[in-house]
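Each chain, letter by letter, is given below.
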Amino acid sequence: MPLSSLARRSFVLSLATLGMAALPSPLRALRSLRPRGPHPTPRPGIDASRVLPASELLGVHVLLAFNAVRGIPQVVDGIRCHCGCADAEGFYSLLSCYEGHGMAQYCEICQGEGLLARRLHDAGKSLDEIRAAIDVRFG
Amino acid sequence: MRAVRLGLLSVALAGVADAQIRASERAHVMQTVDGTTITVDYSRPRARGRDSLFGKQVPFGEVWTPGANRATTLAVSRDVTVDGHPVKAGKYSVWIVMAPGDWELVLDADTTLFHTQGPRARDGQVRFMVHKETRPFVETLTWSFPEVRSTGTQLLLHWATTAVPLDVRVQPTQVLAVDPALGRRVEGRYEIQFVPPPAPPPDSAGAATPPGPPADSSGAAPPPQPPVTTFEIRQRGERLGVVITPPFFEGMGDMVLVRRTDEWFQLAEVDADGLKDVWDELTLEFAFKDGKATGFEVRTKKDEMIARGTLTGR
């Protein structure tokens, strides 16, 4: 790998560690493998009752993402997760990543989508605008 | 005794059944370019001292698969062009119509053919003439990707002293050009402020995080401040260039901003061929007032803001 590419990776990783744990390397590889598909329709009456509670999370570093999603289940249920789990059995939407075993704890794409969705929702963006932003950032 | 020998023989044969030596061993080469994957699966015949491979071992007039045994296949994950000819995403068997002069390359949708089943001309095939070159001798038929660019790759067939280079171009996922009207909205000089990491949470006993070191009252000079980082963003022709001072690292190439939306941009390095490397781990989210940018936030894929750019001059 050329020196400049190695240096760039080191720089980006060092920037990222200013505010978070180091970026994982699979992000770029995952993006090329992820299936693409439409965003789901939010299910009527969906709520956050199945989102993994804070007491069962493996670490506080994911608390922010889970709390963000917990506040807007009806929005998150209308968003497709770009990490590849969207086609897994039992997964309906990005909300599914935060339910059950809470696989979003281990996936920075799930976390990033949840946090971005919450930020844009709080800024008054519509579901379609949020979907478009997520497709740009993670698609 | 004979039964024992037969038993030993069957055990030995079972062990080697998966490890047969073939005259033309299988091979698989793959190259990704800007998200498009190009894959060739083939068997690799050897020259084995045979001369005049083309025209003799592989007679003129034959529809030959550049490989052996099962037909060589070419798969592309997205639409591409090969020597300027459109090839839709999919998998194809690869054939060459042998001739003393130029060869005709044929891509056929049937990927189950054996090397003796060269398909006739039929609908759905991609057919075009290819250029042959004379190159140093290569014993074993080889498909390779000797050259890779951000916009495509060279796919090379090479056996004995004959080579066929193919120019494969992919559909770009990123666009280098930025509408000048949009570029002028974000032009300016920005001072960058890196956002410090958040304070760690309290420990399990609920105790507050210990305070940092006490302020130095010895009268010693304060530690030197790091140099201020600035982004100078200017539209240069079709490109939205950005000069970062000081550079983030030694050897950092020319940088541009690549548009993702009218408010979101990403840093990218460019070279003589165009886009070299897009830093998609970070996104610059611009804020606007009266149609002009006032600053931006630098966010990671985890949507955490790690830096802020404030406009200090146009």
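Before reading further, recall that the structure is shown in the block above.
So, here is what we can say about the structure in this document. Everything quoted here is computed from the prediction, not taken from an experiment. (Residues numbered from 1 in each chain as written. Chains lettered and ligands numbered in written order. Predicted model: local features only at pLDDT ≥ 70, side-chain atom pairs only at ≥ 80, totals over all residues. Heavy atoms only, no water.)

1. Considering the packing of aromatic side chains
All names here are of chain B.
Part 1 of the reasoning: As enumerated under the stated definition, the model contains 14 aromatic pairs over all chains in all.
Part 2 of the reasoning: Arranged with centres 5.5 Å apart and planes meeting at 70°, the rings of phenylalanine 54 and tryptophan 64 form a pair that is edge-to-face. Taken together, the residues span a long stretch of sequence, with phenylalanine 54 in the loop between strand S2 (36-44) and strand S3 (63-64) and tryptophan 64 in strand S3 at a distance of 10 residues. Of the two residues examined, phenylalanine 54 and tryptophan 64, each falls in the buried class.
Part 3 of the reasoning: Here phenylalanine 249 and tryptophan 279 contribute two aromatic rings whose centre-to-centre distance is 6.0 Å and whose plane-to-plane angle is 20°, an arrangement assigned as stacked. (Phe/Tyr/Trp six-rings, centres within 6.5 Å; stacked < 30°, edge-to-face > 60°. Helix = DSSP H or I, 4+ residues; strand = E, 2+ residues; numbered from the N terminus. Buried < 20%, exposed > 50% of the residue type's maximum accessible area, 1.4 Å probe, protein only.)

2. As for the side chain of glutamine 266 of chain B
Residues and elements named next belong to chain B.
Part 1 of the reasoning: Take glutamine 266: it is sitting in strand S16 (residues 264-271).
Part 2 of the reasoning: Look at glutamine 266 and you get buried, because its relative accessible area is 2%.
Part 3 of the reasoning: Among the polar contacts listed, one links the side chain of glutamine 266 to the side chain of arginine 260, at a separation of 3.0 Å.
Part 4 of the reasoning: Setting aside residues no more than four positions away along its own chain, glutamine 266 makes contact with Val256, Leu257, Val258, Arg260, Val278, Trp279, Asp280, Leu282 and Thr283. (Polar contact = N/O pair within 3.5 Å; in protein donor to acceptor, adjacent residues only side chain to side chain. Contact = heavy atoms within 4.5 Å.)

3. Concerning the state of the cysteines
Residue and element names in this part refer to chain A.
Part 1 of the reasoning: If you walk through the whole model with that rule in mind, you get zero disulfides over all chains.
Part 2 of the reasoning: Left without a disulfide partner, cysteine 81 is nearest to the cysteine sulfur of cysteine 83, which lies 3.5 Å away.
Part 3 of the reasoning: Of the residues examined, cysteine 81 reaches a relative accessible area of 3% and is grouped as buried.
Part 4 of the reasoning: Left without a disulfide partner, cysteine 107 is nearest to the cysteine sulfur of cysteine 110, which lies 3.4 Å away. (Disulfide = S-S within 2.5 Å.)

4. Some points on the sheet that holds strand S5 (residues 80-82) of chain B
Residues and elements named next belong to chain B.
Part 1 of the reasoning: Within the open sheet, the four strands sit side by side as S6-S5-S11-S10. Their pairing is antiparallel. Among the strands making up the open sheet, the edge pair consists of strand S6 (85-87) and strand S10 (133-148). Put simply, the sheet's adjacent strands are angled 30° from each other on average, direction ignored. (Pairing = 2+ DSSP bridges. Axes fitted to C-alpha atoms, helices over the stretch in contact; angles between N-to-C directions.)

5. Describing the pattern of salt bridges
Part 1 of the reasoning: Evaluated as defined, the whole model comprises 20 salt bridges over all chains.
Part 2 of the reasoning: A salt bridge links arginine 137 of chain A to aspartate 303 of chain B; the nearest nitrogen and oxygen atoms lie 3.7 Å apart. Of the two residues, arginine 137 of chain A is situated in helix H6 (residues 127-138) and aspartate 303 of chain B in the loop between strand S19 (292-300) and strand S20 (305-313); the pairing between them involves two chains. In this pair, the class of arginine 137 of chain A matches that of aspartate 303 of chain B, namely buried.
Part 3 of the reasoning: A salt bridge links aspartate 79 of chain B to lysine 88 of chain B, with the shortest nitrogen-to-oxygen separation between them at 3.8 Å.
Part 4 of the reasoning: A relative accessible area of 58% means that lysine 88 of chain B is categorised as exposed. (Salt bridge = Lys/Arg side-chain N within 4 Å of Asp/Glu carboxyl O.)

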